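Coordinate inspection notes
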Amino acid sequence: MRIGIGNDHSAVDMKDEVTEHLKSKGIEVINYGTDERSSCNYPEYGEAVGRAVVSGEIDLGILICGTGVGISLAANKVKGVRAVVCSEPYSARLSRQHNNTNILAFGARVVGVELAKMIIDEWLAAEFMGGRHKTRVDMIMEIEQK
Ligand code: RB5
């Protein structure tokens, strides 16, 4: 599995910790930046990871900014992206099982490293359940075509 990771200046250390965690699970990690700690604009990285997911360059994306909010909003503007902000594992799991999310976002200023790893593990272990949930996800994606 190939996972793309993107972040702003507030989340460089968190990105490094998460990258090590993913690699330790045998996952290939593609870094879309930033690796700079000077103030930058999170939409750039949200869009880059969003486009990479939709094109198939990566299987899934992880986005981290201060809160996870801005960077996920940017990713969600890319057609085909379903990005979710999670601060706990339950929503992360359900976002995959019911909503088939393809990007997980969280805030480096909101969750600690160990909780972040737990959220990621729960998200990755879950599978989309399809059925009635597919009907609803299809309805969400049809909104993009209107
Ligand atoms: C940057 O200061 C901060 O606004 C950003 O990391 C993020 O929290 C935005 O949603």
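On a predicted model such as this, the values are computed, not experimentally measured, just so you know.

When helices and strands are counted, the protein chain shows six helices and five strands. Of the regular secondary structure in the protein chain, the N- to C-terminal order runs β-α-β-α-β-α-β-α-β-α-α. Relative to the globule expectation of 15 Å for 146 residues, the C-alpha radius of gyration of the protein chain, 14 Å, shows essentially globular dimensions. Expressed as lengths along the three principal axes of its C-alpha atoms, the size of the protein chain is roughly 40 × 30 × 25 Å. Classification of the 146 residues of the protein chain by burial places 49% in the buried group. Considering only contacts in the protein chain between residues 6 or more positions apart, those separated by 24 or more positions represent 70%. Carbon and sulfur atoms provide 50% of the accessible area of the protein chain, an area that totals close to 7,300 Å².

With that settled, consider the pairing of strand E5 (residues 103–107). Counting buried positions along E5 gives five out of five residues, so the element sits mostly inside the fold. Side chains Ile 103, Ala 105 and Gly 107 of E5 all project onto a buried face; the interleaved residues Leu 104 and Phe 106 project onto the opposite face, where all are buried too. For strand E3 (residues 60–65) and E5, the ladder comprises five bridges, and the chain directions are parallel. Across the sheet, the residue bridging to Leu 63 is Ala 105, located in E5.

We now examine the packing of helix H4 (residues 89–97) against helix H5 (residues 113–125). Where H4 meets H5, the closest approach of the two axes is 8 Å, and the angle between their N-to-C directions is 25°. In terms of their interaxial angle, H4 and H5 are classed as roughly parallel. Note that H4 runs across H5; the crossing there is right-handed. Facing H4, whose interface residues are Pro 89, Ala 92, Arg 93, Ser 95 and Arg 96, H5 presents Leu 115, Met 118, Ile 119, Glu 122, Trp 123 and Leu 124. By residue class, the composition of the contact of H4 with H5 is seven nonpolar, one polar and three charged.

What counts and what doesn't
Residues numbered from 1 in each chain as written. Predicted model: local features only at pLDDT ≥ 70, side-chain atom pairs only at ≥ 80, totals over all residues. Heavy atoms only, no water. Helix = DSSP H or I, 4+ residues; strand = E, 2+ residues; numbered from the N terminus. Rg over C-alpha atoms; globule rule 2.2 N^0.38 Å. Buried < 20%, exposed > 50% of the residue type's maximum accessible area, 1.4 Å probe, protein only. Contact = heavy atoms within 4.5 Å. Areas by Shrake-Rupley, 256 points an atom, 1.4 Å probe, with all protein chains shown as cover. Pairing = 2+ DSSP bridges. Axes fitted to C-alpha atoms, helices over the stretch in contact; angles between N-to-C directions. Parallel < 35°, antiparallel > 145°, perpendicular 65-115°, else oblique. Left-handed = near helix turned anticlockwise from the far one by under 90°. Nonpolar A, V, L, I, M, F, W, Y, C, P; charged D, E, K, R; others polar.

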